[in-house]
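# Architecture and fold: a report
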Amino acid sequence: MKSNRRDFLKKSALSTAALSIPTVLAAETARRMPAKPVVVSTWNHGMPANKEAWDYIINDRTALDAIEAGVKISEADPRVSSVGYGGFPDRDGKVSLDACIMTGEGDCGSVSFLQHIKHPISVARKVMEETEHIMLSGEGALQFALKQGFQMENLLTEEAKKRWEIWKAKGNPRSIINGDNHDTIGMLAIDRQNRIAGACTTSGLAWKMHGRVGDSPIIGAGLYVDDEVGGAVATGVGEAVIKVVGSFLVVELMRQGFSPEEACAEAIERIAKKQNIDGMQVGFLAINKSNQHGAFALRKGFQYALTIDNETYLKDSKYLIEE
Ligand code: ASP
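As the structure is a computational prediction, the values presented were derived from the model and not from experiment.

## Brief notes about the nonpolar core
- Residues L223, V250, V282 and F284 are the most contacted members of the largest nonpolar core, which totals 49 residues.
- Top element by residues in this core is helix α9 (residues 260-274). It accounts for six residues.
- In contact with V282, not counting residues within four places along its chain, are T235, G236, V237, A240, V241, I268, I271, F296, A297 and L298.

Okay, structure coming up:
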């Protein structure tokens, strides 16, 4: 029998009411949890970034201020070859950056395909705070940044240019993630007031097509945060992450009761089940409002920085495939 629209609305209202009781309780519990500050971020260059963010946290600054300041350390570091200044360029030799930022209340901002600006994360924050939009891209993002007082800079270091020339000489048309060309920094923090925020910033896949945008500036893919649950960030091949809306998936799995590590592992398994994962790396990192953290990667080698109780540790992520 065909049910009419009114029946459907009645039924869905009933099921929403039934489902929402544990959800509401979980949200309430999350809000009432005593605040225990924590900062996590992807890869070993997350170590100095975490330390910067932690300084903000212990000085009673917001999680939002902390994560912005933290990832700016990687953006400014020319040795980090996949974030900001010193990031490897696209196949035309141009450095283009992607970044996004999000608070536990659901405010967010993002920039993609932004050139010449060293701190895309701060431009993303301005998009969140100063515009009615969420994403600005390319030339428009650059114009906006300049109006906000950011300066144009050359982001292509001599070292990155040299590496690009070597790659070009090999005539290799594909950009795959290997030990050399991944490094997106994704950071999540909870401050002393139990507020949560996250940031994700990258120069994207080395040697990508000009104009290519990955998962990192896409809310739900590279980053997702919800103060009723926790947050997640992604690193690795952005195309694979976008296909499963990875960070949103991890947060929604945690909402259903998965631990951060279990949620990250399930998201990785979804990628492995349907996609061609040859030579590919993807990693997820998550925290919840009960002070649990966890990560899971497709392959061995993904690490993350954890700062808690004034100490910073480099942790090895669990993984699906041994090589
Ligand atoms: N996720 C980034 C991208 O696809 C790359 C990375 O994590 O290094 O642009």
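Once you've had a look at it, read on.
## Side note on the environment of T103
- Locating T103 in the fold gives a position in strand β2 (residues 97-103).
- Distance in space between the C-alpha atoms of T103 and Y224 is 8.8 Å, their sequence separation being 121 residues.
- Beyond its immediate stretch of four places on either side in the chain, T103 contacts L64, M128, I196, A197 and V225.

## Observations regarding the sheet that holds strand β8 (residues 230-236)
- Read from one edge to the other, the open sheet built from five strands follows the order β7-β8-β9-β10-β13, with strand pairing classed as mixed. Of all strands in the sheet, those bounded by a partner on one side alone are β7 (223-226) and β13 (318-321). Across this sheet, the average inter-strand angle for adjacent strands is 15°, counted without regard to direction.
- Across three bridges, strand β10 (residues 293-299) lies against β13 in parallel orientation. When the sheet's bridge partners are listed, R299 is paired in β13 with I321.
- Set on the sheet, helix α8 (residues 246-255) makes contact with β7, β8 and β9 (282-288); between it and β8 the angle comes to about 145°.
- Set on the sheet, α9 makes contact with β9, β10 and β13; between it and β10 the angle comes to about 20°.

## Considerations on the site of the ligand
- Around the ligand sit 13 residues in total, of which T184, R212, D215, T235 and G236 are the nearest.
- Between the ligand and T184 there is a distance of 2.6 Å, counted from an oxygen atom to a side-chain nitrogen or oxygen.
- The separation between an oxygen atom of the ligand and a polar side-chain atom of T235 is 2.8 Å.
- In isolation the ligand offers 270 Å² of accessible surface; the protein chains occlude 100% of this area.

## Concerning the pairing of strand β11 (residues 303-308)
- Within β11, five of the six residues are buried, leaving the element largely enclosed by the surrounding structure.
- Judged from the four bridges that link them, strand β1 (residues 38-42) and β11 form a sheet pairing that is antiparallel. In the sheet register, S41 faces β11, and the bridge partner there is A305.
- One ladder, built from six bridges, connects β11 with strand β12 (residues 311-316); its direction is antiparallel.

## Some points on the sheet that holds β1
- Spatially, β4-β3-β2-β6-β5-β1-β11-β12 is the arrangement adopted by the eight strands of the open sheet, whose pairing is mixed. Either end of the sheet is taken by a strand with one partner, and the two such strands are β4 (135-137) and β12. Direction aside, neighbouring strands of the sheet carry axes that sit 10° apart on average.
- Those strands touched by helix α2 (residues 46-58) are β1, β5 (185-190), β11 and β12, and its axis lies near 155° from that of β1.

## Digging into the packing of aromatic side chains
- One pass over the full model with this rule turns up four aromatic pairs.
- Ring centres 5.0 Å apart and planes at 70° place the aromatic pair W43 and F302 in the edge-to-face group. Taken together, the residues span a long stretch of sequence, with W43 in the loop between β1 and α2 and F302 in the loop between β10 and β11 at a distance of 259 residues. Per residue, the accessibility class of W43 equals that of F302, and both read buried.
- Here the aromatic rings of W167 and W207 are separated by 5.4 Å at their centres, their planes lie at 15°, and the arrangement is stacked.

## Some words on unusual backbone geometry
- Despite not being glycine, W207 shows a phi value in the positive range, around 65°.
- Relative to the assigned elements, W207 resides in the loop between β6 (196-202) and β7.
- At V245, a residue that is not glycine, the phi angle is positive and equals roughly 45°.
- Its place among the elements puts V245 in the loop between α7 (238-243) and α8.
- Look at V245 and you get partly exposed, because its relative accessible area is 40%.

## Here we look at the state of the cysteines
- Following the criterion strictly, the structure yields zero disulfides and no others.
- For the unlinked cysteine C200, the closest cysteine sulfur is that of C100, found at 5.3 Å.
- According to the relative accessible area criterion, C200 is buried, its value standing at 0%.

Criteria and cut-off values
- Residues numbered from 1 in each chain as written.
- Predicted model: local features only at pLDDT ≥ 70, side-chain atom pairs only at ≥ 80, totals over all residues.
- Heavy atoms only, no water.
- Core = buried A, V, L, I, M, F, W, Y, C linked by side-chain atoms within 4.5 Å.
- Buried < 20%, exposed > 50% of the residue type's maximum accessible area, 1.4 Å probe, protein only.
- Helix = DSSP H or I, 4+ residues; strand = E, 2+ residues; numbered from the N terminus.
- Contact = heavy atoms within 4.5 Å.
- Pairing = 2+ DSSP bridges.
- Axes fitted to C-alpha atoms, helices over the stretch in contact; angles between N-to-C directions.
- Near = heavy atom within 4 Å.
- Polar contact = N/O pair within 3.5 Å; in protein donor to acceptor, adjacent residues only side chain to side chain.
- Areas by Shrake-Rupley, 256 points an atom, 1.4 Å probe, with all protein chains shown as cover.
- Phe/Tyr/Trp six-rings, centres within 6.5 Å; stacked < 30°, edge-to-face > 60°.
- Disulfide = S-S within 2.5 Å.

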